[in-house]
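Residue strings, one per chain:
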Amino acid sequence: MCGIIGYVGPKPVVPLLIEGLKRMEYRGYDSAGVAVYDGTVLHTRRAAGKIAKLEAVLAANPVHGAIGIGHTRWATHGPPTERNAHPHRSADGTISVVHNGIIENVNTLRAALQELGYVFNSDTDTEVLAHLIQELFDGSLEEAVLSALTKVEGTYGLAVLSSRDAGKIVAARKGSPLLIGVGHGENFLASDPSAVLAHTRQVVYLDDGDVAVIEHDAYRVIDAHAATISRKVDRIHWDLAEIERGGYDHFMLKEIFEQPVSVENTMRGRLILDDGTAKLGGINLSHDELLRIDNVIITACGTSWHSALIGEMMIEELCRIPVEVEYASEFRYKNPIVSDRTLCIVISQSGETADTLAAMREAKRRGARTLGLVNVVGSTIAREDDGGVYLHAGPEIGVASTKAFTSQVVALALLTLKLARKHNLSVVRGRELAQAMHDLPAQIQTVLETATVIEAIAEEFKHATNFLYLGRGYSFPTALEGALKLKEISYIHAEGYPAAEMKHGPIALIDDQMPVVFIAPHDAVFDKVVSNIQECRARHGRTIVITTRDEPALKGLIDYEIRIPETVDMLSPVLAAVPLQLLAYYIAVKRGANVDQPRNLAKSVTVE
Ligand code: M6R
């Protein structure tokens, strides 16, 4: 979604802003812009479309300075045009604002400012901030921003620059992430650590309600009453190489191929083979507290919601604790039944998804213990949960989630193992599961070696307009995930269904043009799935079957087979997801789609 970068220091600011914006391109955006103070006036350059367009605007009409702010916009209020791109300027041109989030009382504020004679030049909610800050300005930019924020309802991560109180950027956060990149004789502001990592590893994550004043040799964090508050300096532990493509054509492909390592990293130091259990230091739940859990709610969005469905099955099967899975966007508004014996597991790659964060806060407010399964270290969910399990999958840049999904399933398996062993799971069964988890990285490697087979299948189906993905048991959420992967990057309509549900409607779609992907490992429901494959074949559907061994029952039923290794039922989604990711990837590439930045999508959805 939107990205913010800011810089104050001795260096020419434009290349730094552009580089920072490019590092955040993966988040998804549709226009971009910068504001630069040249020592006398503020200049704004903006363009609809990709950052290359902004670079062309800057090349034709350069600006120079050592302090500036930049933005990539993902449209909410008004279409993605130059006039709606950020930064937005105050009427007198002395204040520039970039903003992530949504101002909810925009209409009231706009009307009040119009009464005072302000003329609006965009459809955005952000422009009201620029005029409001001008209206309240009385010599100090931070005071004007603090005063403006008392009138604003909604969410924001914002950065403000003024030619009347130059030399500083004022930033504020409520519901939209922001951090200060601490340098030597220079400081940065960004909505994403990847934007500053080339320059500094020292970052200060702002909390909701924080306002920051950033100058070249100092920064301050203040509260709503301008009192200084202390925020610790964190260190970014990952490397720039991890957010570069490293020879792969796309981040998505790189991330698919990283899965033997990312899954290994999720388990590193946590799996105890001899005891058949897992060690999870961050969950902050004692033995007694674990046994006190009456029910579990898992909440998430998108791909993370699919891994939640797998977690539900694992926990219910092995721990015999009732589990409900809730879309975060629904959970927060449905008056859920939660008690102090409820464990609310919150799953999010980014740790910033607005609905997931709000759902977690709601569960907490109602007395649940919250446990975050998060990939991005230092993200808001990770900082606000009661306990957590980091995925350690490494930065995921491709908009389509791949390695985060497999690491989420593995993290859920670790948690299930720990919880189940506290309940009734025998050490023998625990060891069996732990060993199966231990074997996963090598098995994923085997699946990756079938990439050319999958690419050939993709060639066959690249012109399809619809796909069905079917599975049962643990393979049903995998089917949903396979369908989501295909639709989001190739724009082919795809649906995931429980295989037997096909008979209750979707079977009407099946003809000799319809590709149907069956996820059919040899698990507890294999024979049932074979019947469903037969039903599909009887209607001349074209079957692509992901399965685990030679099976006489499948003879004559398969048009295209993808073989994956056998594992225990609950871990089969980890292996089955990989060919589904590759199938979606190759089809999208063959259709010429922008795999890493699909249209309309954002990596981290920070608005409701
Ligand atoms: O960062 P999160 O895991 O909270 O993100 C949730 C969804 O927005 C995300 O999984 C989305 O569905 C992906 N594009 C799926 O590939």
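Residues numbered from 1 in each chain as written. Predicted model: local features only at pLDDT ≥ 70, side-chain atom pairs only at ≥ 80, totals over all residues. Heavy atoms only, no water.

Caption draft 1: Highlighting the overall build of the chain. Per the secondary structure count, the chain includes 18 helices and 26 strands. Viewed in the frame of its principal axes, the chain has a C-alpha envelope of about 80 × 55 × 45 Å. Every one of the 608 residues in the chain was classed for burial, and the buried ones make up 60%. A total of about 22,500 Å² of accessible surface is found on the chain, and carbon and sulfur atoms cover 50% of it. Counting 60 positive and 76 negative side-chain charges, the chain places the centres of these two groups 1 Å from one another. (Helix = DSSP H or I, 4+ residues; strand = E, 2+ residues; numbered from the N terminus. Buried < 20%, exposed > 50% of the residue type's maximum accessible area, 1.4 Å probe, protein only. Areas by Shrake-Rupley, 256 points an atom, 1.4 Å probe, with all protein chains shown as cover. Lys, Arg positive; Asp, Glu negative; His and termini not counted. Charge placed at Lys NZ, Arg CZ, Asp CG, Glu CD.)

Caption draft 2: Representation of the nonpolar core in the model. The biggest cluster of nonpolar side chains holds 95 residues, and the ones touching the most others in it are Ile345, Phe467 and Tyr469. Of all the elements, helix H18 (residues 572–590) adds the most residues to this core, at 13 residues. Counting contributing residues per domain, this core is built from domain 2 (246–444) and domain 3 (451–590), each supplying no fewer than three. The contacts of Ile345, once residues within four sequence positions are left out, are Val296, Ile297, Ile298, Thr299, Ile315, Leu371, Leu373 and Leu415. Judged by nonpolar contacts, the second largest core, of 32 residues, contains Tyr7, Phe188, Ile236 and Phe251. (Core = buried A, V, L, I, M, F, W, Y, C linked by side-chain atoms within 4.5 Å. Domains from an automatic or database assignment. Contact = heavy atoms within 4.5 Å.)

Caption draft 3: Up close: the sheet that holds strand S12 (residues 211–214). The strand order across the open sheet formed by 6 strands is S5-S6-S7-S8-S12-S13, and the pairing between neighbours is antiparallel. The open sheet has two edge strands with one neighbour each: strand S5 (88–89) and strand S13 (219–222). Pairing geometry for strand S6 (residues 95–100) and strand S7 (residues 156–162), over 6 bridges, is antiparallel. Of the residues in S7, the one forming a bridge with Val97 is Val160. On top of the sheet, helix H4 (residues 126–136) reaches S5, S6 and S7; it is set at about 140° to S6, its chief contact. Sheet strands in contact with helix H5 (residues 141–149) are S7, strand S8 (169–174), S12 and S13, and its direction is about 145° off that of S7. (Pairing = 2+ DSSP bridges. Axes fitted to C-alpha atoms, helices over the stretch in contact; angles between N-to-C directions.)

Caption draft 4: Geometry of the packing of aromatic side chains. Applying the stated rule across the entire model yields 7 aromatic pairs. Grouped by ring-pair contacts, the aromatic residues Phe461, Phe467, Tyr469 and Tyr560 constitute a single cluster. When the ring centre of Tyr29 is taken as origin, the NZ or CZ atom of Lys50, which lies over that ring, is 4.5 Å away. Seen from the ring of Phe120, Arg110 lies directly overhead, with NZ or CZ sitting 5.6 Å from the centre. (Phe/Tyr/Trp six-rings, centres within 6.5 Å; stacked < 30°, edge-to-face > 60°. Lys NZ or Arg CZ within 6 Å of the ring centre and 35° of its normal.)

Caption draft 5: Structural context of unusual backbone geometry. Residue His86 is joined to Pro87 through a cis peptide bond whose omega torsion reads 0°. Relative to the elements of secondary structure, Pro87 occurs in the loop between strand S4 (67–73) and S5. With a phi close to 50°, Asn335 is a non-glycine residue in the positive phi region. Secondary-structure assignment places Asn335 in the loop between helix H10 (328–331) and strand S19 (342–348). Classification of Asn335 as exposed rests on a relative accessible area of 58%.

Caption draft 6: Looking closely at the site of the ligand. In the neighbourhood of the ligand, 14 residues make up the surrounding shell, with Ser304, Ser348, Gln349, Thr353 and Glu488 lying closest. One nitrogen or oxygen atom from the side chain of Ser348 is found 2.6 Å from an oxygen atom belonging to the ligand. Between the ligand and Ser401, the relevant distance is 2.8 Å, taken from an oxygen atom to a main-chain nitrogen or oxygen of the residue. For the ligand, the accessible surface in isolation is 410 Å², of which the surrounding protein chains cover 91%. Elements with a minimum of two residues in the shell around the ligand: helix H9 (302–319) and helix H16 (475–490). Classifying every residue of the shell around the ligand gives 4 nonpolar, 8 polar and 2 charged. The two domains that each donate at least three residues to the shell around the ligand are domain 2 (246–444) and domain 3 (451–590). (Near = heavy atom within 4 Å. Polar contact = N/O pair within 3.5 Å; in protein donor to acceptor, adjacent residues only side chain to side chain. Nonpolar A, V, L, I, M, F, W, Y, C, P; charged D, E, K, R; others polar.)

Caption draft 7: Main features of the domain arrangement of the chain. Examined at the domain level, the chain breaks down into domain 1 (3–236), domain 2 (246–444) and domain 3 (451–590). Counting residues at the interface gives 31 residues for domain 2 and 26 residues for domain 3. Here domain 2 and domain 3 share an interface that buries about 2,500 Å² over both sides, 78% of which is from carbon and sulfur atoms. On the surface where domain 2 and domain 3 come into contact, there are 0 salt bridges. (Buried area = accessible area lost by both parts, 1.4 Å probe. Salt bridge = Lys/Arg side-chain N within 4 Å of Asp/Glu carboxyl O.)

Caption draft 8: Quick look at H18. In a regular helix each residue adds 1.5 Å, so 19 residues correspond to 27 Å; H18 covers 28 Å between its end C-alpha atoms and thus fits that length. In terms of residue burial, H18 counts as a mostly covered element, since 17 of its 19 residues are buried. In the stretch just after H18, Gly592 is the one whose phi turns positive, near 75°. (Expected span 1.5 Å × (residues − 1).)

Caption draft 9: The arrangement of the sheet that holds strand S11 (residues 202–205) in detail. Strand order in the open sheet formed by 8 strands is S3-S2-S4-S1-S10-S9-S11-S14, with antiparallel pairing between adjacent strands. In the strand order of this sheet, the two ends are held by strand S3 (42–48) and strand S14 (234–235), each with one partner. In this structure, S11 lies alongside S14, joined through 2 bridges in antiparallel fashion. Bridged to Val203 within S14 is Asp234.

Caption draft 10: Structural view of the pattern of salt bridges. For the structure on display, the rule yields 42 salt bridges. Across the pair Asp123 and Arg83 runs a salt bridge, and its minimum N-O distance is 3.1 Å. One end of the pair, Asp123, is in the loop between helix H3 (106–115) and H4; the other, Arg83, is in the loop between S4 and S5, with 40 residues separating them in the sequence. Close ionic contact of Arg164 with Asp92 constitutes a salt bridge, the shortest N to O distance being 3.5 Å. With Arg164 in the loop between S7 and S8 and Asp92 in the loop between S5 and S6, the pair connects residues that are 72 residues apart, well separated along the chain. When its relative accessible area of 34% is taken as the criterion, Asp92 is described as partly exposed.

Caption draft 11: Summary view of the state of the cysteines. Applying the stated criterion across every chain yields a total of 0 disulfides. No disulfide involves Cys319; its sulfur sits 16 Å from the nearest other cysteine sulfur, which is in Cys344. Looking at Cys319, the relative accessible area reads 5%, which means it is buried. (Disulfide = S-S within 2.5 Å.)

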